[in-house]
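Examination of the molecular architecture
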Amino acid sequence: MAQSHKTLKVSAPLVVATNRQWLENATIIVKNGIITDIGPTRNLSNVKADKVIKLKEGLISAGLVNAHCHLELSFLAGKLKRRTLFTDWIEDLIAARLKATKITVSTATAKAARRLIEMGVTCVGDVTSSFDVTPVLVKTGLRATVYHETLGYDPGIANEQHNNLISRVSSATCTDLIRLGVSPHAAYSVSGALLKKTTEYAKTKRLPLTVHLCETEDETTFSKFGKGPFSLLHNRRGVFNVSVHGKTPARVMADGNALENALCVHFNYPSRGDIALLKKKGASVVFCPNSNKWFKRKVNHALPKLLKNGIAVGLGTDSLASNTDLDIRAEARQVMKLFPDMPLETVYKLMTTGGAKAMGVDNGLGELKPSSPFDAIHLNINVSGKKSPLHAIIDSRGPVLRSWVAGKEIFNNN
Ligand SMILES: [Zn+2]
């Protein structure tokens with residue numbers, strides 16, 4: 001991995017600074033990982049730097065944000081069947097995780113983290129229930145929020161599960177680039193008692209929180225009435241409906257103080273009033289369109305309505321147990337397919353500032369402008385004709401040429 005340089009000067013034929021501004025023959029000046037200047041190369045030619053990179057081809061864009069992933073499930077790539085019932089897939093997942101060896105899981109986790117980087121991600125929101133993912137992420141140089149997951153529908157195990165969560169979070173590495181968070185898994189898998197403990201802990205420790213919300217219609221049926229496939233799943237696993245929530249999943253989370261500034265994953269099947277509730281609580285959403293496609297779900301996603309209501313939305317891949325790749329540009333292409341009228345600048349925003357804002361890392365990340373961290377990618381794209389650079393980026397396939405996080409080169413494919 002390359003050394004970080006105190007001052008860095010990078011020029012390229014094209015720099016996509018934001019979703020509305022791109023500059024031909026431009027130069028970016030970076031000091032201690034932060035952009036201090038950006039403009040036409042001819043205006044910045046006298047600026048000295050410890051390291052100068054003159055890119056002859058391609059374009060530079062802000063790095064991409066994958067706001068929802070489970071790297072530790074990457075060993076399941078191509079292994080699980082597409083089940084009609086989500087609960088059957090969950091049971092397959094649980095069985096496969098019990099059988100997997102530590103080395104299989106860790107090898108696949110490291111490989112998937114490299115895949116994220118080569119496909120242009122510089123910031124990831126990862127959900128984990130182990131001790132092992134943070135060290136992998138630290139090694140890669142990625143910017144990340146690692147959300148430590150907790151679950152257990154039986155209130156009798158809430159204490160035990162919570163102590164386990166505390167021990168994982170307390171021992172996890174935290175760096176300038178790695179932030180820790182928590183994740184009460186979902187309304188169908190967390191008891192009221194465990195939810196309360198988790199949200200109190202998050203508040204005390206000021207930890208960001210993410211939750212799977214309204215992924216399937218069965219989730220709402222179970223949450224409201226304690227019936228349906230999730231009830232059968234719990235019964236098969238020896239957990240009976242001792243504490244039916246009796247309300248919608250979003251209401252469960254709101255009443256458990258889990259919705260304030262929370263990152264809500266999926267939000268495929270909201271109930272009436274949920275969007276207003278999210279807005280009131282300052283919650284954000286991660287949309288995972290290719291995971292929905294993998295499950296063959298018919299989702300009429302509320303994405304346009306969320307954006308119209310000013311709710312921050314980012315894109316996520318979810319895991320390789322329910323997706324074929326960890327490729328945010330492929331997620332953006334699926335958004336364009338589902339919403340052909342959506343402006344390109346909105347779709348590009350979902351991959352960059354939208355994801356950063358949804359994750360609550362709104363420090364200028366996702367744009368290349370003064371005071372933003374230099375988290376960027378170099379793509380082998382030479383835009384010609386009338387094609388918008390944003391379209392060219394979304395349309396591009398394959399690995400990026402180079403990546404930087406906080407001014408440090410973390411990937412070089414040259
Ligand atoms: Zn997930």
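Residues numbered from 1 in each chain as written. Predicted model: local features only at pLDDT ≥ 70, side-chain atom pairs only at ≥ 80, totals over all residues.

What follows covers the sheet that holds strand β12 (residues 284-287). Strand order across the open sheet formed by 4 strands is β10-β11-β12-β13, with parallel pairing between neighbours. Strands at the two margins of the open sheet, each flanked by one partner only, are β10 (210-213) and β13 (313-315). Strand-to-strand, the axes of this sheet are offset by a mean angle of 30 degrees, without reference to chain direction. One ladder, built from 3 bridges, connects β12 with β13; its direction is parallel. Bridge pairing in β13 links V286 to G314. (Pairing = 2+ DSSP bridges. Helix = DSSP H or I, 4+ residues; strand = E, 2+ residues; numbered from the N terminus. Axes fitted to C-alpha atoms, helices over the stretch in contact; angles between N-to-C directions.)

Now for the sheet that holds strand β8 (residues 143-150). Read across the sheet, 4 strands follow the order β6-β7-β8-β9 without closing on themselves; strand pairing throughout is parallel. Looking at which strands have only one partner, the edges of the open sheet turn out to be β6 (64-69) and β9 (178-184). Strand-to-strand twist across the sheet, computed as the mean angle between neighbouring axes with direction ignored, equals 15 degrees. Where β8 meets β9, 7 bridges bridge the pair, whose relative direction is parallel. Bridged to Y147 within β9 is G181. Packing of helix α5 (residues 158-171) onto the sheet brings it into contact with β8 and β9, and relative to β8 it is tilted by some 160 degrees. (Contact = placed C-beta atoms within 7 Å.)

Positive phi outside glycine occurs at C214, with the angle close to 55 degrees. As for its position among the elements, C214 is in the loop between β10 and α7 (217-225). Backbone geometry at N257 places phi at a positive 60 degrees, although glycine is not the residue there. With respect to the helices and strands, the residue N257 is situated in the loop between α9 (249-255) and β11 (263-266).

One finds V15 and C264 to be the most contacted residues of the largest nonpolar core, which totals 118 residues. When residues of this core are assigned to their parent elements, the largest contribution, 6 residues, is made by strand β1 (residues 7-16). When we break this core down by domain, the ones giving at least three residues each are domain 1 (7-62 + 366-412) and domain 2 (64-359). (Core = buried A, V, L, I, M, F, W, Y, C linked by C-beta atoms within 7 Å. Buried ≥ 20, exposed ≤ 12 C-beta atoms within 10 Å, placed from the backbone. Domains from an automatic or database assignment.)

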